[in-house]
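Structural characterization, general
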Amino acid sequence: MKKRSLLGLTVLLGACQSMQPAPKASLDGEVFYLQRIALPPTATLSVSLQDVSLMDAPAVVLDEQKGQVKGQVPLAFHLSYDPAQIKPGHRYSVSARIEVDGKLMFITTENHAVQLDDKDPQPLKIRVDAVR
């Protein structure tokens, strides 16, 4: 009887260990623009961390923060990712966009490459440019 109880407890503990969430790493930063204008209260910010390794395929989004803008620039963001998803030799980038009532107002126009090796300078500074 003791052996069964001990075996059952071992199986239960093993199952609990496998259910633990994967370790997370994160990137923190700020989105800004150079124009001296205020964002309307309906503005939304989207920031994403993407694997941009493949030239002829859409980028793979590892994490995205999306929501209503609170305040004015610089706009803070926080992205989380699973380090186990990071593949050697792949290229990763952070991009951002600001929309107002569904219409694109600002977007990143430069590549903001990140290494995801805990050596990326934080907070990241992501500049977005006005869409004409």
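These lines cover the structure that appears in this document, whether it is placed above or below. Model, not experiment: these values are computed from the prediction. (Residues numbered from 1 in each chain as written. Predicted model: local features only at pLDDT ≥ 70, side-chain atom pairs only at ≥ 80, totals over all residues. Heavy atoms only, no water.)

Remarks on the environment of Ser 53
Inclusion rule: Runs of H or I in DSSP of at least four residues are treated as helices and runs of E of at least two as strands, each being numbered from the N terminus. Whether two residues are in contact is decided by their heavy atoms: any pair within 4.5 Å suffices. Whenever two N or O atoms come within 3.5 Å, that pair is a polar contact, provided that in protein one can donate a hydrogen and the other can accept it, and provided that, for residues adjacent in sequence, both atoms are side-chain atoms.
Inspection of the secondary structure puts Ser 53 in the loop between strand 2 (43–51) and strand 3 (60–68). When the C-alpha positions of Ser 53 and Arg 91 are compared, they lie 4.9 Å apart, and in sequence the two are 38 residues distant. Apart from the residues within four sequence positions on either side, Ser 53 is in contact with His 90 and Arg 91. Reaching out from Ser 53, the side chain makes a polar contact with the side chain of Asp 51 at a distance of 2.6 Å. Polar side-chain contacts of Ser 53 include one of 3.3 Å to the side chain of His 90.

A few points about the sheet that holds strand 8 (residues 124–127)
Rules: Following DSSP output, two strands are said to pair if at least two bridges run between them. Where helices are involved, their axes are fitted lines through C-alpha atoms of the stretch in contact, as for all axes, and angles between N-to-C directions lie from 0 to 180°.
What the three strands build is an open sheet, ordered 4-1-8; its pairing is mixed. Looking at which strands have only one partner, the edges of the open sheet turn out to be strand 4 (75–81) and strand 8. The mean angle between the axes of side-by-side strands here comes to 35 degrees, regardless of whether they run parallel or antiparallel. One ladder, built from seven bridges, connects strand 1 (residues 25–32) with strand 4; its direction is antiparallel. Opposite Val 31, over in strand 4, you have Leu 75 as the bridge partner.

Topic: the pairing of strand 5 (residues 92–100)
Remark: a regular strand shows side chains that alternate across the two faces of the sheet. In terms of strand pairing, strand 2 meets strand 5 through nine bridges, oriented antiparallel. Looking at the pairing, Leu 45 lines up with Ile 98 of strand 5. Inspection of the sheet shows strand 5 paired to strand 7 (residues 113–114) by two bridges, in the antiparallel sense. Residue pairing for strand 7: Ser 93 is matched across the bridge by Ala 113. Of the pairings in the sheet, the one linking strand 5 to strand 6 (residues 103–107) comprises four bridges and is antiparallel in character. If you follow Val 100 over to strand 6, its bridge partner there is Lys 103. Counting the residues that bridge the hairpin from strand 5 to strand 6 gives two residues, and of these Asp 101 lies at a positive phi of roughly 55 degrees.

Some remarks on the nonpolar core
Here is the rule we go by: Nine residue types can take part in a nonpolar core, namely buried Ala, Val, Leu, Ile, Met, Phe, Trp, Tyr and Cys, and a core is a set of them joined through side-chain atoms within 4.5 Å. Burial classes follow relative accessibility: with a 1.4 Å probe on protein chains only, a residue under 20% of its type's maximum area counts as buried, one over 50% as exposed, and anything between as partly exposed.
With 26 residues, the main nonpolar core has Val 31, Leu 49, Val 94 and Ile 98 as its most contacted residues. Elements with a minimum of two residues in this core: strand 1, strand 2, strand 4, strand 5 and strand 8. When residues in this core are grouped by element, the largest group, five residues, is from strand 5. When sequence neighbours within four positions are dropped, the list of residues in contact with Val 31 reads Leu 45, Val 47, Val 73, Pro 74, Leu 75, Phe 77, Ala 96, Ile 98, Ile 126 and Val 128.

Some points on the pattern of salt bridges
In plain terms, the rule: Salt bridge, as applied in this entry: a Lys or Arg side-chain nitrogen positioned within 4 Å of an Asp or Glu carboxyl oxygen.
Scanning the model with the defined rule gives four salt bridges in all. Among the ionic pairs, Arg 97 bridges to Glu 99, the shortest N-O distance being 3.0 Å.

Focus: unusual backbone geometry
For the bond running from Val 73 to Pro 74, omega is 0 degrees, close enough to zero to count as cis. For Pro 74, the location among the structural elements is in the loop between strand 3 and strand 4. Gln 122 connects to Pro 123 through a cis peptide bond whose omega is 5 degrees. Among the structural elements, Pro 123 can be located in the loop between strand 7 and strand 8. Residue Asp 101 is not a glycine yet carries a positive backbone phi of 55 degrees.

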